[in-house]
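Below, each chain spelled out in residue letters.
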Amino acid sequence: MQERLYLLLDSKGTPLANAVLESPPNSEVLQIRVLNDKADEVATHREIQLIGIDDSTPNRVGVIVRQRDDKLVIQPTAALDSNARENLRILTDFSSVMYPVSGRWKGQRAVRGKDLSCGGVAFYASTALEDREIVELVLPVTDSPLVIKTQILRTLKEEGNVPLYAAKFIDLIQDEEALIRKAVFSIQIRTSD
């Protein structure tokens with residue numbers, strides 16, 4: 001059986017650590033093994049969120065009832081919908097390129113990534129983009145680079161006269177979603193070590 005990997009967040013949604021679920025996912029109480037010597041840090045929180053890496057692992061909110069070494073016993077208090085996974089946003093820094101789909105410009109333009117979630121990306125681009133414009137973005141943080149269609153949602157702010165754009169992924173196939181989710185989790189694992 002494959003390990004069920006979870007990302008643990010505090011009640012405000014701040015990532016704390018990674019863990020492996022060691023009990024059946026629908027148990028009345030959940031037993032998890034916290035990775036990377038972070039169990040004591042996680043145990044300082046009363047309530048935590050458990051976000052599963054794949055669709056077969058239910059997302060939960062729970063209360064920590066016991067700790068022994070790197071293992072925690074969690075009493076689930078609520079289910080989280082799949083939006084919890086989609087809204088998980090990880091700071092990242094990558095250089096890449098984008099191509100126009102619906103824009104008024106042609107060719108390839110440079111972008112610098114700021115953060116990434118399973119549902120979208122924020123990036124800096126010196127090219128002026130309009131809300132709802134669609135661009136193809138090369139996402140270099142996955143196992144092998146993906147070309148993903150994104151729709152510009154809004155301009156967030158500027159940094160040194162370079163606008164920061166929020167964009168959502170559109171027309172993803174299931175394999176692309178899985179690769180992006182894996183990248184988000186692996187970036188979080190590296191930054192929480």
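Residue positions are given per chain, counting from 1 as you read along its sequence in written order. Residue-level local features of this predicted model are given only where pLDDT is at least 70; pairs of side-chain atoms are given and counted only at 80 or more, and the full residue set underlies all totals for whole chains, interfaces and linings. Side-chain metrics in this entry use all non-hydrogen atoms of the structure; hydrogen atoms and water are not considered.

Broken down by element type, the protein chain carries three helices and 12 strands. Relative accessibility decides the category of a residue: with a 1.4 Å probe and only protein chains considered, values under 20% of the type maximum give buried, values over 50% give exposed, and everything between is partly exposed. Counting the 193 residues in the protein chain, one finds 47% classified as buried. Considering only contacts in the protein chain between residues 6 or more positions apart, those separated by 24 or more positions represent 53%. Methods summary: accessible areas were calculated by the Shrake-Rupley approach with a probe of 1.4 Å, and residue burial reflects only the protein chains presented. When the accessible surface of the protein chain is totalled, it reaches about 10100 Å², and 45% of it is carbon and sulfur. By the counting rule applied here, Lys and Arg register as positive and Asp and Glu as negative, while His and the ends of each chain are not counted. To locate a charge, the coordinates of NZ of Lys, CZ of Arg, CG of Asp or CD of Glu are taken. With 24 positive and 28 negative side-chain charges, the protein chain shows a separation of 2 Å between the mean positions of the two kinds. Working definition: helices are DSSP H or I runs of at least four residues, strands are E runs of at least two. Numbering for both runs from the N terminus. Contacts are residue-level and defined by heavy atoms, with any inter-residue pair within 4.5 Å sufficient.

Given two aromatic rings, their pairing is described by the distance between the two centres and the angle made by the two planes. Aromatic rings from Phe, Tyr and Trp, taking only the six-membered ring of Trp, are treated as a pair when their centres fall within 6.5 Å; an angle between ring planes under 30 degrees marks them as stacked, one over 60 as edge-to-face, and anything in between as tilted. According to the stated counting rule, one finds one aromatic pair in the structure shown. Plain terms: the ring middles of phenylalanine 123 and tyrosine 165 are 6.1 Å apart, the flat faces sit at 45° to each other, and that makes the pair tilted. Of this pair, phenylalanine 123 sits in strand 9 (residues 120–124) while tyrosine 165 sits in strand 12 (residues 162–169), and the two are 42 residues apart along the sequence.

Turning our eyes to something else, we now look at the pairing of strand 6 (residues 71–80). Any two strands with at least two DSSP-identified bridges between them are counted as paired. Pairing analysis gives four bridges linking strand 3 (residues 30–34) to strand 6, with the strands arranged antiparallel. Note on strand 6: the bridge partner recorded for arginine 33 is lysine 71. Both strand 5 (residues 59–68) and strand 6 contribute to a ladder of nine bridges, which runs antiparallel. Looking at strand 6, one finds that asparagine 59 is bridged to leucine 80. Between strand 5 and the antiparallel strand that follows it, strand 6, lie two residues; aspartate 69 among them carries a positive phi value of about 55°.

With that settled, the discussion passes to the pattern of salt bridges. A pair is scored as a salt bridge if a Lys or Arg side-chain nitrogen falls within 4 Å of a carboxyl oxygen belonging to Asp or Glu. Under the defined criterion, the tally for this structure stands at six salt bridges. Residues joined by salt bridges that share partners form a network here, namely Glu22, Arg33, Asp70 and Lys71.

The next point concerns the sheet that holds strand 5. The six strands lie next to each other as 1-2-3-6-5-4, forming a closed barrel whose pairing is antiparallel. Geometrically, the sheet is characterised by an average inter-axis angle of 45° between neighbouring strands, direction not taken into account. Each axis is a line fitted through C-alpha atoms, and for a helix only the stretch in contact is used; angles between axes span 0 to 180 degrees, taken between their N-to-C directions.

For the rest of this paragraph, the subject is the nonpolar core. Within this scheme, the nonpolar core is defined by two criteria: the residues are buried Ala, Val, Leu, Ile, Met, Phe, Trp, Tyr or Cys, and they are joined through side-chain atoms within 4.5 Å. In terms of nonpolar packing, the biggest core is built from 31 residues, with Met98, Val121, Phe123, Leu129 and Leu139 touching the most fellow members. Secondary structure elements with two or more residues in this core: strand 1 (4–10), strand 7 (89–100), strand 8 (109–117), strand 9, strand 10 (134–139), strand 11 (146–159), strand 12 and helix 3 (174–192). With sequence-adjacent residues up to four places away left out, methionine 98 is seen in contact with Trp105, Gly107, Gln108, Arg109, Val111, Phe123, Ala125, Thr127, Leu129, Val135, Glu136 and Leu137. Listed in part, the 16 residues of the second largest apolar core include Leu21, Ile32, Val34 and Ala39.

The next thing to look at is the sheet that holds strand 12. In space, the six strands of this closed barrel follow the order 7-8-9-12-11-10, with antiparallel pairing throughout. The average undirected angle you get between the axes of adjacent strands in this sheet is 45°. Direction of pairing for strand 7 relative to strand 8: antiparallel, over a ladder of eight bridges. Note on strand 8: the bridge partner recorded for serine 95 is arginine 112.

Another point: the side chain of glutamine 49. Of note, glutamine 49 is situated in strand 4 (residues 47–52). Only 3.4 Å separates the side chain of glutamine 49 from the backbone oxygen of serine 11, close enough to count as a polar contact. Those residues in contact with glutamine 49 that lie beyond four places of it in its chain are Leu7, Leu8, Leu9, Asp10, Ser11, Lys12, Gly13, Arg60, Val61 and Leu80. N or O atoms closer than or at 3.5 Å make up a polar contact, with two conditions inside protein: a donor-capable atom paired with an acceptor-capable one, and, for residues adjacent in sequence, both atoms drawn from side chains.

On to the environment of valine 147. Along the chain, valine 147 turns up in strand 11. With sequence-adjacent residues up to four places away left out, valine 147 is seen in contact with Glu136, Leu137, Val138 and Glu176.

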